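Structure assessment
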Amino acid sequence: MALLKQGIHPSTSPLLLLFIFIVPLIVEAQSLVQPKYDGFVYKNKPASTDTIIIEAFFDPVCPDSRDAWPPLKQAVHHYTQASVSLIVHTFPLPYHDNAFVTSRALHIVNNINSSATYNLLEIFFNDQERFYNAQTLNNSRASVVNQVTQVAAKAVGKTHLSAIRTGFLDRKTDLATRSSFKYGCSRGVYGTPFFFVNGFLLPDGGSPMDYNKWRSIIDPLVGKSKA
């Protein structure tokens, strides 16, 4: 019956039916592939298979993401850059009203000066409450974008204020932020923070991990990689 509603005759070849349904899925999958790997590399050090790769999925206005960052940063700093590398992906949760615009600001600043991306992330974490749902309930979207723009300028420099504003008008930054979210979904991410180590999902997704927990995970891996 469903086939008839779609204008497909019941006598259509099964092989043709398979082609009709599978090809659009392949085209859609290909359209999601980005020209470079998603995420912001910490300390501008390219991740490689010679390092232990940590991937974190953060929402800039998520309290758990905020609480997860200091111990993760401390753990990464404990090891040499030759041992451990970190990539942070934005994953704006739909129930945080300003998650997408703050995530987009990170992409914009990363395009202007990738060295300032993590500065902005920390600024958002430190002043997170101003972008919570209740605090911006009566603000227009334009007002919120303007506030985020001003905050972003603190990280990259006020001389780039115009470039940040232009970034919010550039569809490419919108698509990049969407792609990051879709990438997280493709990895099974459904909350923040989520962590992967060498491509494997760590348990207890959605909860921060303390410094000792990170050390207990990474120390054995560093020892094995050296061996």
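Presented here is a report on the structure given in the accompanying data block. No experiment lies behind these values; they were computed from the predicted model shown.

In terms of regular secondary structure, the protein is built from 9 helices and 5 strands. Beginning at the N terminus, the succession of helices and strands in the protein can be written as α-α-β-β-α-β-α-α-α-α-α-β-β-α. Counting the 227 residues in the protein, one finds 43% classified as buried. Taking the intrachain contacts of the protein between residues at least 6 apart in sequence as the baseline, contacts between residues at least 24 apart amount to 72%. Carbon and sulfur atoms make up 58% of the accessible area of the protein, which totals about 12,500 Å².

This next bit is on unusual backbone geometry. For residues besides glycine, phi is generally negative; the peptide bonds are generally trans as well. The omega torsion of the bond from Thr192 to Pro193 falls at 0 degrees, within 30 degrees of zero and hence cis. Positionally, Pro193 belongs in the loop between helix 8 (171-186) and strand 4 (194-197). Of note, the phi angle at Asp204 is positive, near 65 degrees, even though the residue is not glycine. Along the chain, Asp204 turns up in the loop between strand 5 (200-201) and helix 9 (211-226).

Take the side chain of Gln128 next. Mapped onto the secondary structure, Gln128 falls in the loop between helix 5 (117-126) and helix 6 (141-156). Polar contacts involving the side chain of Gln128 include one to the main-chain carbonyl oxygen of Pro60, which spans 3.0 Å. Once you skip the residues sitting within four places of it in the chain, Gln128 turns out to touch Pro60, Val61, Cys62, Pro63 and Arg66.

So, on to the pattern of salt bridges. Within this structure, the stated rule accounts for 8 salt bridges. Taking the shortest distance from any N to any O, the salt bridge between Lys73 and Glu122 comes out at 2.7 Å. Here Lys73 is found in helix 3 (residues 63-78), whereas its partner Glu122 is found in helix 5, with 49 residues between them in sequence. On the basis of relative accessible area, Lys73 is assigned to the partly exposed category, the value being 26%. Here Asp219 makes a salt bridge to Arg215, at a shortest N to O gap of 3.1 Å.

Let us now look at the packing of aromatic side chains. If you walk through the whole model with that rule in mind, you get 13 aromatic pairs. Geometrically, the ring pair formed by Tyr42 and Trp69 is edge-to-face, given 5.7 Å between the ring centres and 80 degrees between the ring planes. One end of the pair, Tyr42, is in the loop between strand 1 (40-41) and strand 2 (52-58); the other, Trp69, is in helix 3, with 27 residues separating them in the sequence. Judged by relative accessible area, which is 9%, Tyr42 ranks as buried.

Looking now at the packing of helix 4 (residues 99-112) against helix 7 (residues 161-169). Where helix 4 meets helix 7, the axes come as close as 10 Å, and the angle between the chain directions of the two elements is 125 degrees. As the angle between them shows, helix 4 and helix 7 are arranged oblique. Relative to helix 7, the crossing made by helix 4 is right-handed. Touching Val101, Arg104, Ala105, Ile108 and Ile112 of helix 4 are Ala163, Ile164, Gly167, Phe168 and Leu169, all from helix 7. Partitioned by chemical class, the residues of the contact of helix 4 with helix 7 number 8 nonpolar, 1 polar and 1 charged.

Here the focus is the sheet that holds strand 5. Taken together, 5 strands build an open sheet; the order of strands is 1-3-2-4-5 and the sheet is mixed. Bordering the open sheet on either side are strand 1 and strand 5, each of which pairs with just one other strand. As paired elements, strand 2 and strand 3 (residues 84-90) share 7 bridges and run parallel to each other. Bridging across to strand 3, Ile52 finds its partner in Val84. Seen against the sheet, helix 3 touches strand 2, strand 3 and strand 4 and runs at an angle of roughly 165 degrees to strand 2.

Our next topic: the nonpolar core. If you look at the biggest cluster of nonpolar residues, it comprises 49 residues, and the most contacted ones within it are Ile54, Phe58, Leu72, Leu86, Leu120, Phe195 and Trp214. Sorting elements by how many residues they give to this core places helix 6 first, with 8 residues. If near-sequence neighbours (up to four positions away) are discounted, Leu72 is found in contact with Ile54, Ala56, Phe58, Leu86, Phe195 and Trp214. With 7 residues, the next largest nonpolar core counts Phe57, Phe91, Val189 and Phe194 among its residues.

As a further point, take helix 3. Compared with an ideal rise of 1.5 Å per residue, which puts 16 residues at 22 Å, helix 3 spans 24 Å between its outermost C-alpha atoms and is within 8% of the ideal. Considering bend angle alone, the principal kink of helix 3 is centred on Trp69 and spans about 30 degrees; proline Pro70 follows within four residues of it. Considered for burial, the residues of helix 3 that qualify are Ser65, Ala68, Trp69, Pro71, Leu72, Ala75 and Val76.

Rules used in this analysis
- Sequence positions are assigned chain by chain, starting from 1 and proceeding in written order.
- Where local features are concerned, this predicted model is filtered to residues with pLDDT of at least 70; where side-chain atom pairs are given and counted, the filter is 80 or more; whole-chain, interface and lining totals use all residues.
- Side-chain descriptors were evaluated using all non-hydrogen atoms of the structure, hydrogens and water having been removed beforehand.
- Numbered from the N terminus, helices here are DSSP runs of H or I no shorter than four residues, and strands are runs of E no shorter than two.
- Categorising residues by exposure relies on relative accessible area from a 1.4 Å probe, with only protein chains included: less than 20% of the type maximum marks a residue as buried, more than 50% marks it as exposed, and the intermediate range marks it as partly exposed.
- Residue contacts are counted whenever heavy atoms from the two residues lie within 4.5 Å of one another.
- Throughout, the Shrake-Rupley method with a 1.4 Å probe supplies accessible areas, and for residues the shown protein chains are the sole cover considered.
- Polar contacts, as counted here, are pairs of nitrogen or oxygen atoms within 3.5 Å of one another; within protein the pair requires one atom able to donate a hydrogen and one able to accept it, and residues that are adjacent in sequence qualify only if both atoms are side-chain atoms.
- One speaks of a salt bridge when a side-chain nitrogen belonging to Lys or Arg is within 4 Å of a carboxyl oxygen belonging to Asp or Glu.
- Stacked, tilted and edge-to-face are the three classes applied to pairs of Phe, Tyr and Trp rings, where Trp contributes its six-membered ring and a pair requires centres within 6.5 Å; stacked means planes under 30 degrees apart, edge-to-face means over 60, and tilted covers the rest.
- Between N-to-C directions, angles span 0 to 180 degrees; the directions come from axes that are lines fitted to C-alpha atoms, helices contributing only their stretch in contact.
- When an angle is under 35 degrees it counts as roughly parallel; over 145 it counts as roughly antiparallel; between 65 and 115 it counts as roughly perpendicular; any other value is oblique.
- Note on convention: the crossing is left-handed when the near helix lies turned anticlockwise from the far helix by less than a right angle, right-handed when the turn is clockwise.
- For this classification, the nonpolar set comprises Ala, Val, Leu, Ile, Met, Phe, Trp, Tyr, Cys and Pro, the charged set comprises Asp, Glu, Lys and Arg, and every other residue, Gly included, is treated as polar.
- Two strands form a pair only when DSSP identifies at least two bridges running between them.
- Put simply, a nonpolar core is a bunch of buried Ala, Val, Leu, Ile, Met, Phe, Trp, Tyr and Cys residues held in one set by side-chain atoms that sit within 4.5 Å of each other.
- Helix span, expected: 1.5 Å multiplied by one less than the number of residues in the helix.
- What we call the bend at a residue is the angle made by axes fitted to the seven residues finishing there and the seven residues starting there.

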